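Fold and contact review
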Amino acid sequence: MKSSAYANLQRKIITVTLLVSFAPLIILGVTMYYQVALMCKDKTEEHIKYRARAQAQAIDLFLKERTAILSAMADTHSFNDMIDEKNLSRVFEVMNLRAGAFVDLGVIDSAGQHLAYVGPYDLSGLNYYQESWFGEVMSKGVYISDVYMGFRQLPHFIIAVRCWEGQRSWILRATIDPNIFGAIVLSAQIGKTGDAYLVNKAGIYQTHPRFSGKILTEFNLDTKMFRGGTTVIEARGSLGNRLLYAGSWSNNNKWLLVISQEPAEYMRRLFALRNTEIAIIIFGIFAIIMTTIFTTRLAVNHLRDSDAKMNELNAQLIQSDKLAALGKMATGVAHEINNPLNIIIQKTGWMEDLLAEEEFQNSENYGEYKKSIEKIEYHVERARKVVHNMLGYARKMEPHLEDVDLNRTINRTIDMLENYARDNNIDIQTDLSPDIPIIASDEAQLQQVFMNLISNSIDAIGKDGLIQVKSYRIKENITVSITDDGPGIPRDQQKKVFDPFFTTKQTGKGTGLGLWICYSIIEKLGGSLSFRSKVGEGTTFTISIPLIVPEKK
Ligand SMILES: Nc1ncnc2c1ncn2[C@@H]1O[C@H](COP(=O)(O)OP(=O)(O)OP(=O)(O)O)[C@@H](O)[C@H]1O
Ligand SMILES: [Mg+2]
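Here the structure is a predicted model, which is why all the values come from computation and not from measurement.

Turning our attention to the packing of helix α10 (residues 443–461) against helix α12 (residues 514–524). Direction vectors running N to C along α10 and α12 enclose 145°, while the axes themselves pass 9 Å from each other. For the crossing formed where α10 meets α12, the hand is left-handed. Across the interface between the two elements, Q445, L446, Q448, V449, N452, L453 and N456 from α10 touch G514, L515, I517, C518, I521 and I522 from α12. Residues of the contact of α10 with α12, tallied by class, amount to eight nonpolar, five polar and no charged.

So, on to the site of ligand 1. Within the structure, ligand 1 sits among 18 residues, and T503, T504, K505, T511 and L515 are positioned closest to it. In isolation ligand 1 exposes 600 Å². Once the protein is present, 90% of that is buried. At the level of secondary structure, the elements contributing two or more residues to the shell around ligand 1 comprise α10, α12 and β16 (538–546). Per element, the largest residue contribution to the shell around ligand 1 is three residues, and it comes from α10.

Before going further, it helps to examine the packing of aromatic side chains. Tallied over the entire structure, the rule returns 17 aromatic pairs. Relative to W133, the ring of Y128 lies with its centre 5.2 Å away and its plane at 50°, an arrangement referred to as tilted. Assigned by exposure class, Y128 and W133 land together as buried. Through pairs of rings, three or more aromatic residues link up here, namely F62, F157, F181 and W255. The ring of F62 carries R66 above its face, with NZ or CZ at 3.9 Å from the centroid. For K201, the ring lying beneath its charged end belongs to W249, and the centroid distance is 5.9 Å.

Moving on: the pairing of strand β8 (residues 242–250). A regular strand places its side chains so that they alternate between the two faces of the sheet. Burial runs high along β8: eight of the nine residues are buried. Pairing of strand β7 (residues 230–236) with β8, which is carried by seven bridges, proceeds in the antiparallel orientation. Note that in β8 the partner of E234 across the bridge is L244. Counting the residues between successive antiparallel strands, the hairpin from β7 to β8 contains five residues, one of them, G240, with a positive phi of roughly 90°. Relative to strand β9 (residues 255–261), β8 runs antiparallel, the two sharing seven bridges. Across the sheet, the residue bridging to S248 is L257, located in β9. Here β8 folds back onto β9 in antiparallel fashion, the turn holding four residues, of which N251 has a positive phi close to 50°.

Here the focus is helix α5 (residues 178–186). Taken together, the buried positions of α5 are occupied by F181, G182 and V185. Projected down its long axis, α5 shows its buried positions confined to an angular sector of 100°, all on one face. Looking at the packing, one finds that the buried side of α5 touches α1 (3–76), β4 (157–165), β5 (168–176), β6 (195–200) and β9. Where α5 begins, the capping side chain belongs to D177, and its oxygen is found 2.8 Å from the backbone nitrogen of N179.

Conventions adopted
Residues numbered from 1 in each chain as written. Chains lettered and ligands numbered in written order. Predicted model: local features only at pLDDT ≥ 70, side-chain atom pairs only at ≥ 80, totals over all residues. Heavy atoms only, no water. Axes fitted to C-alpha atoms, helices over the stretch in contact; angles between N-to-C directions. Helix = DSSP H or I, 4+ residues; strand = E, 2+ residues; numbered from the N terminus. Left-handed = near helix turned anticlockwise from the far one by under 90°. Contact = heavy atoms within 4.5 Å. Nonpolar A, V, L, I, M, F, W, Y, C, P; charged D, E, K, R; others polar. Near = heavy atom within 4 Å. Areas by Shrake-Rupley, 256 points an atom, 1.4 Å probe, with all protein chains shown as cover. Phe/Tyr/Trp six-rings, centres within 6.5 Å; stacked < 30°, edge-to-face > 60°. Buried < 20%, exposed > 50% of the residue type's maximum accessible area, 1.4 Å probe, protein only. Lys NZ or Arg CZ within 6 Å of the ring centre and 35° of its normal. Pairing = 2+ DSSP bridges. Arc of directions from axis to C-beta. Polar contact = N/O pair within 3.5 Å; in protein donor to acceptor, adjacent residues only side chain to side chain.

So, in structure tokens, the structure goes:
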């Protein structure tokens, strides 16, 4: 596979894995966010709904208490007692002591005449007959007014009760402190944006809202939007901002207690949660990306490595098949040539004998004949060497196992080549591991291999250089490497060096059989022969043979 194909595969695996892992993470995040948003909204709604209901009940209780104490005072005192302002002021004191929030107290007769008054305003002598509340209290017995300005020109509201004394009826009327009442209402507000106020049925503020609007001005919403009980709605406030309103009716459905709050207030918690969620998702995505890239790279690299190993193995198989076929053919040819060569040698010997006779010695072409015969002998000798090499190799194919001290074999081979190397100013260095045990192998064949490889290095270097021979053990294998700093093997020749008769040496200097024989020997010994070479830097041939311990004799 090409490296672009591996990159492609890696990209595809990463994309699919990331898509498959991101999708549920993002879906989960979004779903969770909306669920929590819904939950937050529900909770906030429920909360302000509860507050509104509770506060409306508190207001009802407040009014009931004030009404009850007013009625109790009216029932337990006579009209004559009450119009005595001294008595009235004592009653007023007791009422404030027991319940509080009363600003003033007055007694009005059935004609609307204010007969006695205790309080900070000058209201004595006023006639209320024309006031709408007067009619209401006379007909209904108890009356709680809306907030109004009245004679004192200040917003306030009153509680009035009618009393019967024989045939005569009169009214006890008290004003409630708008500040205390307003404060009670306002105490229902929640948070920074929360507000709480009362509006009447007509939508007029009965208390001061915290943020917008004033007492006795108009509420921005229609009170009809708030049905019986407690209602929560979302609408724009008077400042244009979106608000959540909870309204609960009190005072016999005359007043609406409203609690308002910006939804952003509860959203703040949600935003905090969202930020945490986003941070977790980003971290998750980052972790997924890193893990995916890392594991994919690991897997693809693994695949690439095993592909490379397989290719190498295949190449080795092809190489050994090819060499075996070539070997068969070459030895066949060598056999065929051997006989004619023998006959040629016989005949040239006979011709040499003939030339020794006198009649030929006197021949004018004697010198020519002799030279030709010598040349024939020289070249036949070369051919015989080749044939001998090939047949020798063929004959010795089966290794003869004996105890071999590999390091000693290497040293012996180097000894043989030392002079040749020194003549060419080539240094042969060794680094032989003492861990290598005696093995069962064929010493002569191994020596032939080392000899060929070291000679090749010397030939490749030519003059002035360095050859390093190393031996070491890796697990159950023994490795011998021969490294030279020669010219290296060009790429286009690298595939051919093991082929029989492949040589770059001058005619007559090399047969091109050396590496072919080495390869075949090592293969027969169950090992492998490979090389690495870079033009201009040098070549390393590496022999690896299995560590076979000799049988005990
Ligand atoms: N160490 C090396 N550095 C550079 N080239 C090398 C090296 N070893 C082998 N070769 C190349 O491989 C070719 C084949 O080597 P091989 O040993 O099979 O035959 P040869 O050395 O040419 O002939 P012979 O072994 O019969 O003397 C050599 O001719 C040379 O071009
Ligand atoms: Mg050689």
